[in-house]
Amino acid sequence: MEDYVIITHTDCDGILSAAQLRSALGQKVPVFFPEWVEYGVSTKLLENVPPCKHLFVCDMGLDAKSVETLSRRRSKFKEITVIDHHPHEEESRKKLEEAGIEVIYDDEYCASGLVHLYLRKKKLIKKGDFAEKWAIIGTYADVLITKEKSALMVSEMLLRHPELSLEQVFWGGSSRGEYEYPLPSMLGAVINSGHRLHYHFGAAVALEAAREIEDYGDVFLLRSDFGNEHLEARYPHTFMLTKWYDLWLSERKKVFEKENIEYYKFKVGSFPFGVAIIDHPWDIGGYVSTVKSGDTLIVFTINYGTPKKAKISVRKPSADSKKIGDVIRRLHLGEIMRNLSHMNPVFEGGGHQEAGSCTFPKEFKPTQVIRLLKLATKITIDRTFPEISPS
């Protein structure tokens, strides 16, 4: 029987949650990623996980399906710890705790931030350890630096890792040109390129890259040109990840040079929203959502080119954007995606306040999806802004 096993999400936050646990518990701890079309902990995923003394479930959400699956298979594992920051029904947490499952939850942190605090509390890592760098990058990558608790935690760690306080000129898409970008965000974008290009397969490569980087001792291996010291051969996963990132930058630029992005608008009361329809094999929708906003509050991107199912992605503009106002700040994007799932169970998704996503069968036409999106958005706005009560 394994001592430890980790189930984690495929994005940077999930990957760096697992990287920190491996730093503390051993680099050979098995890690399992969900297939990208699965939301949460599925029966299929848990069947593939071997029995162990302690199972960690990171950044996977606490939706009803995940809770039911974990509760039903509780006896397979001596201990289970769920570490998550996605909003959920209070009943979900109670059901897990009744099944003897430890739940560590706080929506003021991302999962990698919560993992870091857990490991510190257990005295499995200490101040100044390399794992702090993963917590910094994970927090920036998941846009949780805007939360007060996360910002305080990261500020304290940056005093010990000042090299990560830098900013870098970064290309931001045809609508934004070049701008100063926090270095941890950029490093997080490199790690995210694994799942953006190759989904759960790419996430596994990114996790191995994290192991290589920790062995090398410097996160700036992610920005190396690999032109000397045989770095390409010594750190092949990191080399692959940097090449994927270069491809990502090149391809997303091409997306905005094309004129075949269909664009729709709808209003909920006085609030304008946009919908971009694309057909691309990569998980590029979140990026399109942040740079295609134009004169709308938020843009939902529907990608019909992703494998097996279509995907809706939505993400708020960067925190320093002039578009960030009170309405956008208060709007919960993950709740909109969960509303979709409640309205029609073939739509599977969720998220947190800053970003959300949802998969659905490709048979649904854009006009059908937009009607559902409008209704799901209205439900969220009615709850968030009762003083406005849009029609």
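I will try to describe carefully the structure that is included in this document. Note that residues are indexed from 1 along each chain, following the sequence as it is written. Local features in this predicted model are restricted to residues of pLDDT 70 or higher, and side-chain atom pairs are both shown and tallied only at a pLDDT of 80 or more, whereas totals for entire chains, interfaces and linings draw on every residue. With hydrogens and water excluded, all non-hydrogen atoms of the structure serve as input to the side-chain values.

Points about the side chain of Asn-192
Moving on, step 1. Secondary structure elements follow DSSP: runs of H or I of four or more residues count as helices, runs of E of two or more count as strands, with numbering from the N terminus. Summarising the element assignment, Asn-192 is placed in helix α8 (residues 183-216).
Moving on, step 2. To sort residues, take the accessible area from a 1.4 Å probe on protein chains only and compare it with the maximum for the residue type: under 20% means buried, over 50% means exposed, and anything in between is partly exposed. A residue is classified by how much of its surface remains accessible, and Asn-192, at 8% relative accessible area, is buried.
Moving on, step 3. In what follows, a contact means two residues having at least one pair of non-hydrogen atoms within 4.5 Å. What Asn-192 contacts, discounting residues up to four positions off in sequence, is Asp-11, Cys-12 and Ala-141.

Things to note about the sheet that holds strand β4 (residues 77-84)
Moving on, step 1. Two strands form a pair only when DSSP identifies at least two bridges running between them. Strand order in the open sheet made by the 5 strands is β2-β1-β3-β4-β5, with parallel pairing throughout. One side of each edge strand has no neighbouring strand; the edge strands of this open sheet are β2 (31-32) and β5 (102-105).
Moving on, step 2. Examined bridge by bridge, strand β1 (residues 2-8) and strand β3 (residues 52-58) share 6 bridges and lie parallel to one another. Bridging across to β3, Val-5 finds its partner in Leu-55.
Moving on, step 3. Under this scheme, a helix contributes an axis fitted over its contacting stretch, all axes are lines through C-alpha atoms, and angles between N-to-C directions fall in the 0 to 180 degree range. Relative to the sheet, helix α1 (residues 12-25) contacts β1, β2 and β3, its axis offset from that of β1 by approximately 165°.

As for the packing of helix α6 (residues 131-141) against α8
Moving on, step 1. Remark: α6 packs on α8, axes separated minimally by 8 Å, with the N-to-C direction vectors making an angle of 130°. Here α8 runs oblique to α6, going by the angle between their axes. At the point where α6 passes α8, the crossing takes the right-handed sense. Where α6 abuts α8, its residues Trp-134, Ile-136, Ile-137, Tyr-140 and Ala-141 lie against Pro-184, Ser-185, Leu-187, Gly-188, Ile-191, Asn-192, Ala-210, Ile-213 and Glu-214.
Moving on, step 2. In the scheme used here, Gly and all other residues not listed as nonpolar or charged are polar, with Ala, Val, Leu, Ile, Met, Phe, Trp, Tyr, Cys and Pro taken as nonpolar and Asp, Glu, Lys and Arg as charged. Looking at side-chain class alone, the contact of α6 with α8 contains 10 nonpolar, 3 polar and 1 charged residues. Throughout this description, any angle smaller than 35 degrees is read as roughly parallel, any larger than 145 degrees as roughly antiparallel, any in the 65 to 115 degree range as roughly perpendicular, and the remainder as oblique. Helix crossings are classified by the rotation of the near helix relative to the far one: an anticlockwise turn of less than a right angle makes the crossing left-handed, while a clockwise turn makes it right-handed.

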